[in-house]
Amino acid sequence: MNSQRFLVLAFAILLLSGCTDHDDSAPVERATAVTMIWPEQRQLERVELSIGRLEAIAAPAVATETSGRVERILRDVGEAVAAGDVLAELDPSTQRLAVASAEASVRRLEALLENGQVQLERLQNLAQRQSVAQDQLDDARTQVQVFQAQLVEARVRLDNAQLDLDRTRIVSPVSGTIQRRLVSAGDFLATGRVLFELVASDALRAVLPLPEHLQDDLRIGMPVELSVPARAQEKIEARVSEIRPAVGSSSRALELIVSLDNPGHWRPGGSVAARVILEVRQGLVVPLASVVRRPAGSVVYLHGPDDRALERRVRVGLRIDQDVEIIDGLSADEAVVVDGAGFLSDGARLDIVEWLDRTGGQEL
């Protein structure tokens, strides 16, 4: 009988011992260490990037305005010239002869006019004493008028001849760089023959291709930030001056035209990088690490009751560096999890180890 009691007691002890061991091995819920941050209201820019080209607004062709043989070429391709600089000279012999002939005509007519005026004055004195016929006086007066008109015409011919002589010196109409030289010394040139092609680099335009789907977002006057590869850190702010509406059949791209003053080292024909600012608005942003992709969409995690994670579905907008815009689903007075968000699920226990400020440090 005693042995039976002992066996029952031993079995009971073993059973209690097994229950105790089972309780000790029960899983314990662990909290996830996280950091928190408040959303920030910020001015946001919706930007489109483009790589375009620089063109000179003024690219005049320098042509002859009188005929003649090229006597000297004074400037060549690649040289910078200022407005008024002499680029070439034509043989002025023919023009000098024309000037001399015109000067002689002027002197002859001046002499004839002076003599005619003396004759007219003498006849007028005789007419006062009624010693000359009226027809003679009228003829003398008419002759003086003819000489006056001929002298005006001769002086105009002299001015034209002098102008042709001046035009034998081919001068640059603008400041810029010689892009092409089309003649050589010894060539005979008729009036209108092109000698040089210039590029005026003081005023430029940037031609920026953009995709067709942005056509409704583009407008004259919208801001653009420009830079060139050689000096990428130097930014120039300008505005769109023209939108070319035609869409190329091959590229399917629109072109923005941005006029600007050359800062001094930009060269026509070079490439230019552009940030086209399509829109500026106020928006709510959180760190990119706060937004987690889940099967239901993009979510953030808030600090809920009892230190539990509260999953909130959000709609995201612009991405700005390491931040992302929240368009819908979150307000500015709701803090979100940053570090550790990717390990959370709705209702997970939180261990908040740090509150961050917007510079990434600990909030004081």
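Up top is the structure these notes are about.
All figures in this text were calculated on a predicted structure; none of them were measured in a lab. (Residues numbered from 1 in each chain as written. Predicted model: local features only at pLDDT ≥ 70, side-chain atom pairs only at ≥ 80, totals over all residues. Heavy atoms only, no water.)

From N to C terminus, the protein chain includes 3 helices and 21 strands. The 364 residues of the protein chain split such that 32% are buried. Approximately 21,900 Å² of the protein chain is accessible, and the part contributed by carbon and sulfur atoms is 50%. (Helix = DSSP H or I, 4+ residues; strand = E, 2+ residues; numbered from the N terminus. Buried < 20%, exposed > 50% of the residue type's maximum accessible area, 1.4 Å probe, protein only. Areas by Shrake-Rupley, 256 points an atom, 1.4 Å probe, with all protein chains shown as cover.)

Before going further, it helps to spend a moment on the side chain of Ser-290. Here Ser-290 lies in the loop between β14 (271-287) and β15 (292-294). Judged by its relative accessible area of 0%, Ser-290 falls in the buried class. Polar contacts involving the side chain of Ser-290 include one to the main-chain carbonyl oxygen of Val-337, which spans 3.0 Å. (Polar contact = N/O pair within 3.5 Å; in protein donor to acceptor, adjacent residues only side chain to side chain.)

Here the focus is the sheet that holds strand β7 (residues 169-171). Pairing between sheet strands relies on hydrogen bonds along the backbone, with the strands arranged either parallel or antiparallel. The antiparallel open sheet is built from 4 strands, whose spatial order is β7-β6-β4-β9. The sheet is open, and its two edges are formed by β7 and β9 (188-189), each paired on a single side. Note that strand β4 (residues 68-73) and β9 share 2 bridges and pair antiparallel. Of the residues in β9, the one forming a bridge with Gly-68 is Leu-189. (Pairing = 2+ DSSP bridges.)

Here we come to the nonpolar core. Among soluble globular proteins, nonpolar side chains are generally buried collectively. Ranked by size, the top nonpolar core spans 23 residues in total, and within it Ala-206, Leu-208, Val-224, Leu-226, Val-258, Trp-266 and Val-276 carry the most contacts. Residue assignment for this core shows that the elements contributing at least two residues are β10 (194-211), β11 (223-228), β12 (231-244), β13 (253-261) and β14. Those residues in contact with Val-224 that lie beyond four places of it in its chain are Leu-208, Ile-236, Glu-237, Ala-238, Val-240, Val-258, Ala-274, Arg-275 and Val-276. Counting 17 residues, the second largest nonpolar core, distinct from the first, contains Ala-102, Leu-137, Leu-151 and Ala-161. (Core = buried A, V, L, I, M, F, W, Y, C linked by side-chain atoms within 4.5 Å. Contact = heavy atoms within 4.5 Å.)

Moving on, we come to the packing of helix α2 (residues 93-128) against helix α3 (residues 134-166). Look at α2 against α3: their axes get within 8 Å of each other, and the N-to-C directions meet at 160°. What the angle tells us is that α2 and α3 run roughly antiparallel. Helix-helix and strand crossings are classified by hand; for α2 and α3 the assignment is left-handed. Partitioned by chemical class, the residues of the contact of α2 with α3 number 19 nonpolar, 9 polar and 7 charged. (Axes fitted to C-alpha atoms, helices over the stretch in contact; angles between N-to-C directions. Parallel < 35°, antiparallel > 145°, perpendicular 65-115°, else oblique. Left-handed = near helix turned anticlockwise from the far one by under 90°. Nonpolar A, V, L, I, M, F, W, Y, C, P; charged D, E, K, R; others polar.)

Moving on to α3. Look at α3: 48 Å from first C-alpha to last across 33 residues, which is about the 48 Å you get at 1.5 Å a residue. Close packing links the buried residues of α3 with α2 and β7. (Expected span 1.5 Å × (residues − 1).)

One pass over the full model with this rule turns up 24 salt bridges. We note a salt bridge from Arg-46 to Glu-279, for which the minimum N-O separation is 3.2 Å. Taken together, the residues Arg-46 in strand β2 (residues 40-58) and Glu-279 in strand β14 connect sequence positions 233 residues apart. Here the salt bridges do not stand alone but share partners, grouping Arg-46, Asp-217, Glu-279, Arg-281 and Glu-325 into one network. (Salt bridge = Lys/Arg side-chain N within 4 Å of Asp/Glu carboxyl O.)

Further remarks concern α2. In this model, α2 (36 residues) spans 53 Å end to end at C-alpha, consistent with the 52 Å of a helix rising 1.5 Å per residue. Of all the residues in α2, the buried ones are Gln-95, Val-99, Ala-102, Ser-105, Val-106, Leu-109, Leu-113, Gly-116, Leu-120 and Leu-123. Buried positions along α2 lie against α3. A positive backbone phi angle near 55° is found at Gln-130, which sits one or two residues after α2.

Attention now moves to the side chain of Ser-105. Mapped onto the fold, Ser-105 is located in helix α2. In this structure Ser-105 comes out as buried when scored by relative accessible area, which is 19%.

By the bridge criterion, 2 bridges tie strand β5 (residues 80-81) to strand β8 (residues 176-181) in an arrangement that is antiparallel. For Ala-80, the partnering residue across the bridge sits in β8 and is Thr-177.

Our focus in this paragraph is the pairing of β4. Both β4 and strand β6 (residues 86-90) contribute to a ladder of 3 bridges, which runs antiparallel. Note that in β6 the partner of Val-70 across the bridge is Leu-90.

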